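Examination of the molecular architecture
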Amino acid sequence: MRRGRLVRRHGLFTRVWHWVNLACLVILLMSGLQIFNAHPSLYWGNDSTFDAPALQITAVRGDDGAPMGIVRIAGYRIDTTGVLGLSRHNGELDQRAFPSWATLPGPQWLAMGRYWHFAAAWIFGPLLLAYLAYTLISPTRRRLIWPTAAQWRALPATIAHHARLKFDHGADYNGLQKLTYLLVLFGLLPLMVLTGLTMSPTMNAAWPWLLDVFGGRQSARTLHFIFAFALVAFFVIHLVLVLISGVRNNLRSMITGRYRIGSDTAPAKDNRHA
Amino acid sequence: MRDAKLILPDPKRRRLITGLGALGASAALTGCDSLSRNDRFQTWLGATDRLTRAAQRLVSSRESLAREFSERDIAPTMRANGSTNPSNANYKRHVANDFADWRLRIDGLAREPADLSIDDLKAMPARTQITRHDCVEGWSCIAKWTGAVLGDVLDRVRPTSAARFVVFHCADNIYGGPVKYYESIDMVEAYHPQTLLAYGLNDDRLPVANGAPLRLRAERQLGYKMAKYVMRLELVDSFATIQGGNGGYWEDRGYEWWAGI
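Residues numbered from 1 in each chain as written. Chains lettered and ligands numbered in written order. Predicted model: local features only at pLDDT ≥ 70, side-chain atom pairs only at ≥ 80, totals over all residues. Heavy atoms only, no water.

What to know about the overall build of chain A
For chain A, the helix and strand inventory stands at 10 helices and eight strands. For chain A, the spread of C-alpha atoms along the principal axes amounts to about 65 × 50 × 30 Å. Burial analysis of chain A (274 residues in total) assigns 49% to the buried set. Restricting to contacts in chain A with at least 6 residues of sequence separation, those with at least 24 account for 60%. When the accessible surface of chain A is split by element, carbon and sulfur atoms take 67% of a total near 13500 Å². Put simply, chain A has 27 plus and 12 minus side-chain charges, and the middle of one group is 19 Å from the middle of the other. (Helix = DSSP H or I, 4+ residues; strand = E, 2+ residues; numbered from the N terminus. Buried < 20%, exposed > 50% of the residue type's maximum accessible area, 1.4 Å probe, protein only. Contact = heavy atoms within 4.5 Å. Areas by Shrake-Rupley, 256 points an atom, 1.4 Å probe, with all protein chains shown as cover. Lys, Arg positive; Asp, Glu negative; His and termini not counted. Charge placed at Lys NZ, Arg CZ, Asp CG, Glu CD.)

In structure tokens form, the structure reads like this:
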């Protein structure tokens, strides 16, 4: 059914980085939630205004006297019993911000969560730096990730096209794909590292500008949390698009590097998305 | 230097981990939790502690200062954590006596070991700094600390060239347990200009809840390094034979010795 030829889309570095990165990010997220659970409140500024957190995940007694898990945010109180604040662990209700299935390790164990987090960060950080340098230096990579003039102009049309869940399978990424990867690669991922470093007291002494950029240690902690969930959102959308735009083709391209071009939704002469 | 086997949870937590398998959680998750208990894996994870220390020492100079804040940044109350009111008889006697015969013992690898009273420490040049206290749990609190610069105090006892660490022995049995709190820092942090033996908090005497009569301020480290209720400084070349051998109460319970992050 699908004709079109195979092209080499992803180089070896990209493919290895992609999968190592996936493992690192899963470990970083789950151990990060473990660390968050040690003090499940977020603040803005230099320090913690304990009686007025920007966000808090905790457990309280409901009107009927039964414990309930809640999330407090911007003056609202949301009942999250069973998932956030109060969840089942070994069949028993346990007061903890994120449930044991979402944290690494499962039980409350801050010291081990920190070891996992920093070990994964030591693999993730240097690899990210190398990959960003490679993307900036290699002309092929630059072309692959930076939208062409035509792609910038076609952006609204590309967005409309995607919104109708229609996908082209060109050799090149379209403008929307390129912008998304640019935002994640050069935006979210470095911001995760930098907001993480801003929480380190030694890094604050070494690079005090970090505190100025992110508005203080507690702001950096809150941003670290927000960016982490922005990455989760990216992950979900990325996964859905991979699944519905030809999962075999996409997976093959990220494992062997080969990607089949030629669209089954739009004729080849249609160049609206450039 | 570190005994990786000690990166273990307490028995109750261990039972919880064992229970996780029974819960039938996903295979990957169970795999990670059993990895967390594996000795060799813990040794490998422990290496990241030394890597982080080496990297942070590389990017920060000996003198690079923690940020100091202004009066209006001071929090209404400095949150007290860990021990807040040591209950052992010896400490209670010092409190009742207003620390009049309390002496800070400084010994170990020192040419002139000394016993200093609070007045002796107050007679030394004082430093006052408004700094942020960062707990390993994630919260921060800003307060104004006054004390003697640790480097000056150490100079008085003339450490030998073999001295590599300062060990802080404390008065409190944390959580009423059998052992006394202790901590250690190396000579680089000990001689940092903001590292204080603090006797004052927010222009007042250091309260019992925050470590009276004397606590450590090591502003480039996390809160658990900053021992409260300090009774004795011991200069050592290794802390392997002190308590669990990892250089601190929390270090003996799995936390990193390097608490710069």
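So that's the structure; there's more coming.
Some thoughts on the sheet that holds strand 5 (residues 165-170) of chain B
Residue and element names in this part refer to chain B. With mixed pairing, five strands are arranged side by side in an open sheet as 2-1-10-5-6. Every interior strand has two partners, whereas the edge strands, strand 2 (114-116) and strand 6 (182-186), have only one. Taking the axes of each pair of neighbouring strands and ignoring which way they run, one obtains an average angle of 20° across the sheet. Pairing of strand 5 with strand 10 (residues 230-236) involves six bridges; the strand directions are antiparallel. Considered in strand 10, the bridge of histidine 169 is made with arginine 232. (Pairing = 2+ DSSP bridges. Axes fitted to C-alpha atoms, helices over the stretch in contact; angles between N-to-C directions.)

Remarks on the packing of aromatic side chains
All names here are of chain A. In this structure the tally under the stated criterion is 27 aromatic pairs over all chains. Ring geometry for phenylalanine 98 and phenylalanine 225: centres 6.3 Å apart, planes at 45°, overall tilted. Here phenylalanine 225 lies in helix 9 (residues 217-244) and phenylalanine 98 lies in the loop between strand 7 (92-96) and helix 2 (110-137), a separation of 127 residues in the sequence. Like phenylalanine 98, the residue phenylalanine 225 is buried in the burial classification. (Phe/Tyr/Trp six-rings, centres within 6.5 Å; stacked < 30°, edge-to-face > 60°.)

Here we look at the pairing of strand 7 of chain A
Residues and elements named next belong to chain A. Bridging between strand 6 (residues 85-89) and strand 7 involves five bridges; their strand directions are antiparallel. The residue of strand 7 that forms the bridge with arginine 88 is leucine 93. In this antiparallel pair of consecutive strands, strand 6 and strand 7, the connection spans two residues, and asparagine 90 shows a positive phi of 55°.

Focus: the nonpolar core
Among the nonpolar cores identified, the biggest contains 68 residues, and Leu104, Leu121, Leu150, Phe168 and Leu233 of chain B are the most heavily contacted of them. Here the element with the most residues in this core is helix 2 of chain A; it accounts for six residues. Non-local contacts of leucine 150 of chain B, meaning those with residues more than four positions away in its chain, are made with Phe168, Ile185, Ala190, Thr195, Leu196, Leu197, Leu216 and Leu233 of chain B. Trp17, Ala120, Val184 and Leu188 of chain A belong to the second largest nonpolar core, which has 23 residues in total. (Core = buried A, V, L, I, M, F, W, Y, C linked by side-chain atoms within 4.5 Å.)

Overview of the pattern of salt bridges
All names here are of chain B. The full count for this structure, using the stated rule, is 21 salt bridges over all chains. When the shortest N-O distance is used, the salt bridge between aspartate 186 and arginine 57 registers 2.8 Å. Here arginine 57 lies in helix 3 (residues 39-59) and aspartate 186 lies in strand 6, a separation of 129 residues in the sequence. A salt bridge links arginine 57 to glutamate 189; the shortest N-O distance between them is 3.1 Å. Pair noted here: arginine 57 is in helix 3 and glutamate 189 is in helix 7 (residues 187-190), with a separation of 132 residues, a long-range link. Among the residues examined, glutamate 189 registers a relative accessible area of 3% and is labelled buried. One network of salt bridges, with partners in common, ties together Arg105, Asp107, Asp115, Arg232 and Glu234. (Salt bridge = Lys/Arg side-chain N within 4 Å of Asp/Glu carboxyl O.)

Examining the interface of chain B and chain A
Tallying the contact residues gives 59 residues for chain B and 44 residues for chain A. In this structure, the connection of chain B to chain A is made through three salt bridges. With its nearest N and O atoms 3.1 Å apart, the salt bridge here joins arginine 114 of chain A to glutamate 256 of chain B. Taken together, the links from chain B to chain A amount to 17 residue pairs in polar contact (both at pLDDT 80 or more). (Polar contact = N/O pair within 3.5 Å; in protein donor to acceptor, adjacent residues only side chain to side chain.)

A few points about the domain arrangement of chain A
One widely used convention gives an interface's size as the accessible area the parts lose upon coming together. Residues and elements named next belong to chain A. What the domain assignment lists for chain A is domain 1 (6-40 + 109-260) and domain 2 (45-96). One C-alpha centre belongs to domain 1, the other to domain 2; they are set 30 Å apart. At the junction of the two partners, domain 1 supplies nine residues and domain 2 supplies nine residues. Between domain 1 and domain 2, the buried area comes to about 700 Å², and carbon and sulfur atoms account for 48% of it. A per-residue breakdown of the area domain 1 buries against domain 2 is headed by Asn37, Pro40 and Gln218, which together make up 51% of the total. Summed over the shared surface of domain 1 and domain 2, the number is zero salt bridges. On inspection of domain 1 and its partner domain 2, the count reaches three residue pairs in polar contact (both at pLDDT 80 or more). (Domains from an automatic or database assignment. Buried area = accessible area lost by both parts, 1.4 Å probe.)

With respect to the packing of helix 2 of chain A against helix 6 (residues 175-198) of chain A
Residues and elements named next belong to chain A. Between helix 2 and helix 6, whose axes approach to 11 Å, the crossing angle comes to 155°. The angle between helix 2 and helix 6 places the two elements in the roughly antiparallel class. Here helix 2 runs over helix 6; the crossing is left-handed. Side by side, helix 2 and helix 6 meet where Phe124, Leu128, Tyr131, Leu132, Thr135 and Leu136 of the first sit next to Leu185, Phe186, Leu189, Pro190 and Val193 of the second. Per-class residue counts for the contact of helix 2 with helix 6 are 10 nonpolar, one polar and no charged. (Parallel < 35°, antiparallel > 145°, perpendicular 65-115°, else oblique. Left-handed = near helix turned anticlockwise from the far one by under 90°. Nonpolar A, V, L, I, M, F, W, Y, C, P; charged D, E, K, R; others polar.)

Quick look at helix 5 (residues 155-163) of chain A
Every α-helix carries 3.6 residues per turn, so stepping three or four residues along brings you back to the same face. Residues and elements named next belong to chain A. Listed in full, the buried residues belonging to helix 5 are Leu155, Thr158, His161 and His162. Buried residues along helix 5 cover an arc of 120° about the axis, so they all sit on one side. The exposed set on the far side of helix 5, more than 90 degrees from its buried face, consists of Pro156 and Ala163. Where helix 5 terminates, the next one or two residues include leucine 165, which has phi positive at roughly 55°. (Arc of directions from axis to C-beta.)

Overview of the confidence of the model for chain B
All names here are of chain B. On average, residues of chain B score 90 in pLDDT, and 89% of them reach the 70 mark or higher. Ignoring residues within four places in sequence, the model shows residues 1-25, a span with pLDDT below 50, making 55 contacts including any to other chains. Model confidence for the complex is summarised by a pTM of 0.90, with the ipTM given as 0.89. (pLDDT = per-residue confidence, 0-100.)

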